[in-house]
Amino acid sequence: MNRGKKLAFNSISSLIYQLIAIICGFILPRMYLTVYGSAVNGLITSVTQFLGFISLCELGVGAVVQSALYKPLAENDTVGVSKIAISSERFFRGIAYILLAYTALLMVLYPLKTIDSFGYGYTLLLILVMSVSTFAQYYFGMTYRLILSADQLGFIHYTVHSITLVLNTVCCIILMHLNASIHVVKLATSIIFLLQPICISLIARRRYHIDRKIVLSEEPIKQKWNGLTQHIATVVLGNTGTIVLTLMSTLENVSIYGVYHLVVNGVKQIVLSLTNGIQAMMGNMLVKNERKTLDRTFEFFEWIIHTGVTAVFAITAFLIVPFVSVYTKGVTDVNYIVPTFAYLITLAQAAYCLRLPYNIMVLAAGHYKETQWSAIIEAGINIVISVLAVNSWGLIGVAIGTIAAMLYRTVYLAWYLRSNVINRKFAYYLRHMAVNILTVAVFFAIVSLLPSFYSLREQTYLAWCILAIKTGVTCLIVTVLVNLLCYRSLMMKMFSAVKNRIKK
């Protein structure tokens, strides 16, 4: 199977997985809201974010392992792959005890924060049952999942993930209809997600014959501690909003944050799913020194990301409040309509997605040490601004902190590539950003001029879908016209590629 086919399989399977994850992700929180209430939904959101720190089990070493595997996999070097796999497994086993201690500490301390709303034992038991699935997803079978991804066979684990997601959602719905407690529902989730690493390990073991008798004379995974630093910063960045609100605001605000984050994170995950496999492909080009092919591929990829992200998040910014109004219809204990926060959190995630071309190249080249301080500064900006602003502006203050952090690192990574890896001029990034702003400005000018046409007629999913179609078609037309004006050659290249694909 060549690189093109692998990329297609990875992109399609990843997209299917993300769509399933988004659908399931909307169904379950909605049921939590209606069955258990906003306070419990806020508690689940908060605990999930705190347990997200268990993803430190991967500790960024996962990305470094994947980068290190490109060369031996491209050269069919079984010894090299075995050395990296053995070192990876040893590292993950070594930090397991730290992670267990963290979870134990969380079970002791976190219930003290919520004791006024929930009993100590209630929260402790919820953390315990939820932590099982978190460990299962982030720890067991990690090395084999990374090998599959580095070998451009990520579609295997995406398929396994998709099946378990559907199975989990069906099981949870049944249990909630049977009036099961939230603890029973979450325990069922944990048991189902244990199937993921078992299946992935069984599949990968049949394909890769790891020689476990090899003696490591030196460390085969370079820069793993730099990868660790970057991953810690990334986890802190992603969890800051919920944690700051948990510690300095209310669980109701955490619930509001969780609902809006559910939407924008779902959109972000769709964008990310379409780029899965790109890093492995570009890493393969780098190790084979295919510079001209790499430059052409990156130019097109950069334009596609900027154009697609701008269109998708412009639509999201317009539709998110109407969607939340429909999604939370009937939930009266908290007001979920917060337009300013919705726009800001959408902008923050758009900034994150715009960095993808530059971040992917940095990871493909293995430049972890060179860029680690930017990740630390990004997390620091988010923490400082969020903490300072949350008391005055609440949710909006947290969103401002996230925007500032995301924008900083996006600009930094584009600047870094001007003289590293592919020596991409920073002026290209500035031009893309100017076109992005123009596209959004024209789109919002049009929808603002026709408010009656672009409005939610009634609070139903059907009415929202009709509005989404109107908005999507309008944004698509605006995006095509603006890019025909500013990037005609790349648009023609895309049209030609689509035409050839249809013919095939």
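Here, the structure is the one placed above.
Residues numbered from 1 in each chain as written. Predicted model: local features only at pLDDT ≥ 70, side-chain atom pairs only at ≥ 80, totals over all residues. Heavy atoms only, no water.

Peer 1: Which parts of the structure should I look at to understand the overall build of the protein?
Peer 2: Along the backbone of the protein there are 20 helices and zero strands. By the compact-globule yardstick of 23 Å for 504 residues, the protein fits well, its C-alpha radius of gyration being 23 Å. On the principal axes, the C-alpha backbone points of the protein span a range of 60 × 55 × 45 Å. Within the span of the protein, comprising 504 residues, buried residues form 56% of the whole. Pairs at least 24 residues apart make up 84% of the contacts formed inside the protein by residues separated by at least 6 positions. Carbon and sulfur atoms make up 67% of the accessible area of the protein, which amounts to about 22,500 Å² in all. Between the averaged position of the 39 positive side-chain charges in the protein and that of its 18 negative side-chain charges there is a distance of 8 Å. (Helix = DSSP H or I, 4+ residues; strand = E, 2+ residues; numbered from the N terminus. Rg over C-alpha atoms; globule rule 2.2 N^0.38 Å. Buried < 20%, exposed > 50% of the residue type's maximum accessible area, 1.4 Å probe, protein only. Contact = heavy atoms within 4.5 Å. Areas by Shrake-Rupley, 256 points an atom, 1.4 Å probe, with all protein chains shown as cover. Lys, Arg positive; Asp, Glu negative; His and termini not counted. Charge placed at Lys NZ, Arg CZ, Asp CG, Glu CD.)

Peer 1: Any chance you could explain the environment of I27 here in plain terms?
Peer 2: Along the chain, the position of I27 falls in helix α1 (residues 3–36). On the accessibility criterion, I27 (32% relative accessible area) is partly exposed. Considered as a pair, I27 and R424 are 397 residues apart in the sequence and their alpha carbons are 43 Å apart. With near-sequence residues (within four places) excluded, I27 lies in contact with T169 and I173.

Peer 1: Would you mind going over helix α19 (residues 461–486) with me for this structure?
Peer 2: Each full turn of the α-helix corresponds to 3.6 residues, which orients residues three or four apart in the same direction. In this model, α19 (26 residues) spans 36 Å end to end at C-alpha, consistent with the 38 Å of a helix rising 1.5 Å per residue. Among the residues of α19, A463, W464, L467, A468, T471, T474, C475, V478, T479, V482, N483 and C486 are the ones counted as buried. (Expected span 1.5 Å × (residues − 1).)

Peer 1: I would appreciate a short explanation of the packing of aromatic side chains in the present structure.
Peer 2: Aromatic ring pairs are reported here in terms of the distance separating the ring centres and the angle at which the planes meet. The final tally for this structure, using the stated rule, is 23 aromatic pairs. Ring centres of Y257 and F341 lie 5.9 Å apart, and the angle between their planes is 45°; this geometry places the pair in the tilted category. Here the residue Y257 occupies a position in helix α11 (residues 251–275), and F341 occupies one in helix α14 (residues 339–354), the gap between them amounting to 84 residues. For the residue pair Y257 and F341, the accessibility class agrees, reading buried in each case. Three or more aromatic residues link up through ring pairs in this structure, and these residues are F26, F323, Y327, Y461 and W464. (Phe/Tyr/Trp six-rings, centres within 6.5 Å; stacked < 30°, edge-to-face > 60°.)

Peer 1: Please clarify how the environment of L347 should be interpreted in this entry.
Peer 2: Structurally, L347 is set in helix α14. Take L347: its relative accessible area is 42%, and that puts it in the partly exposed class. Between the C-alpha atoms of L347 and T479, which are 132 residues apart in sequence, the distance is 18 Å.

Peer 1: Whenever I open this one, the nonpolar core confuses me. Can you help?
Peer 2: Generally speaking, nonpolar side chains in soluble globular proteins are found buried as a group. Counting residues in hydrophobic clusters, the biggest one holds 48 residues, and the most contacted among them are Y260, I320, Y336 and F341. Looking at which element gives the most residues to this core, the answer is helix α13 (residues 291–327), with eleven residues. If we ignore the near neighbours within four places in the chain, the residues touching F341 are Y257, Y260, L395, I396 and A399. Among the nonpolar cores identified, the runner-up in size contains 40 residues, and L294, F301, Y358 and A364 belong to it. (Core = buried A, V, L, I, M, F, W, Y, C linked by side-chain atoms within 4.5 Å.)

Peer 1: How do you make sense of unusual backbone geometry when you look at a structure like this?
Peer 2: Note on backbone geometry: most residues besides glycine have negative phi, and most peptide bonds are trans. For N179, which is not glycine, the phi dihedral falls at a positive 65°. Within the secondary structure layout, N179 lies in the loop between α7 (155–177) and α8 (182–193). Positive phi is not limited to glycine here, since N423 has a value of about 50°. Within the secondary structure, N423 sits in the loop between α17 (395–416) and α18 (426–449).

Peer 1: How do you make sense of the packing of helix α6 (residues 142–150) against α7 when you look at a structure like this?
Peer 2: To characterise two packed helices, one gives the angle between the axes of the helices and the distance between these axes. Running from N to C, α6 and α7 cross one another at 125°; their axes reach a closest spacing of 8 Å. With respect to α7, the element α6 is oriented oblique. On the side of α6, the interface is formed by R145, L148 and S149, while α7 contributes I156, H157 and H161. Here the residues of the contact of α6 with α7 sort into two nonpolar, three polar and one charged. (Axes fitted to C-alpha atoms, helices over the stretch in contact; angles between N-to-C directions. Parallel < 35°, antiparallel > 145°, perpendicular 65-115°, else oblique. Nonpolar A, V, L, I, M, F, W, Y, C, P; charged D, E, K, R; others polar.)

Peer 1: Hey, could you run me through the side chain of S325 in this one?
Peer 2: Secondary-structure assignment places S325 in helix α13. When near neighbours in sequence (up to four residues on either side) are disregarded, S325 contacts I337, L456 and Q459.

Peer 1: Just checking my understanding: could you explain the packing of helix α16 (residues 368–393) against α17 for this structure?
Peer 2: Contact geometry for α16 and α17: axes closest at 6 Å, N-to-C directions at 160°. It follows that α16 is roughly antiparallel to α17 by the angle criterion. Seen along the crossing, α16 lies across α17 with a hand that is right-handed. (Left-handed = near helix turned anticlockwise from the far one by under 90°.)

Peer 1: What exactly am I supposed to notice about α16 here?
Peer 2: In this model, α16 (26 residues) spans 35 Å end to end at C-alpha, consistent with the 38 Å of a helix rising 1.5 Å per residue. By the largest-angle criterion, V387 marks the main kink of α16, which is about 30°. Within α16 the residues assigned to the buried category are Y368, T371, Q372, S374, A375, E378, A379, N382, S386, A389 and V390. Positive backbone phi, at 60°, marks G394, one or two positions downstream of α16. (Bend = angle between axes of the 7 residues up to and from the residue.)

Peer 1: Hey, could you run me through the environment of M494 in this one?
Peer 2: The residue M494 is located in helix α20 (residues 488–503) in this model. Overall, M494 belongs to the partly exposed group, its relative accessible area being 23%. In the structure, M494 is positioned 387 residues away from M107 in sequence and 52 Å away in space, judged by C-alpha atoms. M494 has contacts with F300, W303 and I304, leaving out every residue within four places of it along the chain.

Peer 1: Got a minute to help me understand a nonpolar patch on the surface in this structure?
Peer 2: The grouping of L105, V108, L109, L112, I115 and Y120 at the surface amounts to a nonpolar patch, some 540 Å² of accessible area in total. It is helix α4 (residues 78–113) that provides the largest number of residues to the nonpolar patch, a total of four residues. If you trace the backbone, L112 turns up in helix α4. (Patch = residues over 30% accessible without salt bridge, like charges linked within 9 Å, V, L, I, M, F, W, Y side chains within 5 Å. Salt bridge = Lys/Arg side-chain N within 4 Å of Asp/Glu carboxyl O.)

Peer 1: I'm lost on the state of the cysteines in this one. Help?
Peer 2: Here a disulfide denotes a covalent bond joining the sulfur atom of one cysteine to the sulfur atom of another. A complete count under the given rule lists zero disulfides for this structure. Of the cysteine sulfurs around C171, a residue in no disulfide, the closest is that of C172, at 5.7 Å. In this model C199 remains outside any disulfide bridge; the closest cysteine sulfur is found in C171, 16 Å from its own. (Disulfide = S-S within 2.5 Å.)

Peer 1: Whenever I open this one, the side chain of R409 confuses me. Can you help?
Peer 2: Tracing the backbone shows R409 in helix α17. Buried and unpaired, R409 has E378 as its nearest opposite-charge partner, separated by 4.0 Å. Within the structure, R409 has its side chain in polar contact with the side chain of S374 (distance 2.9 Å). (Polar contact = N/O pair within 3.5 Å; in protein donor to acceptor, adjacent residues only side chain to side chain.)

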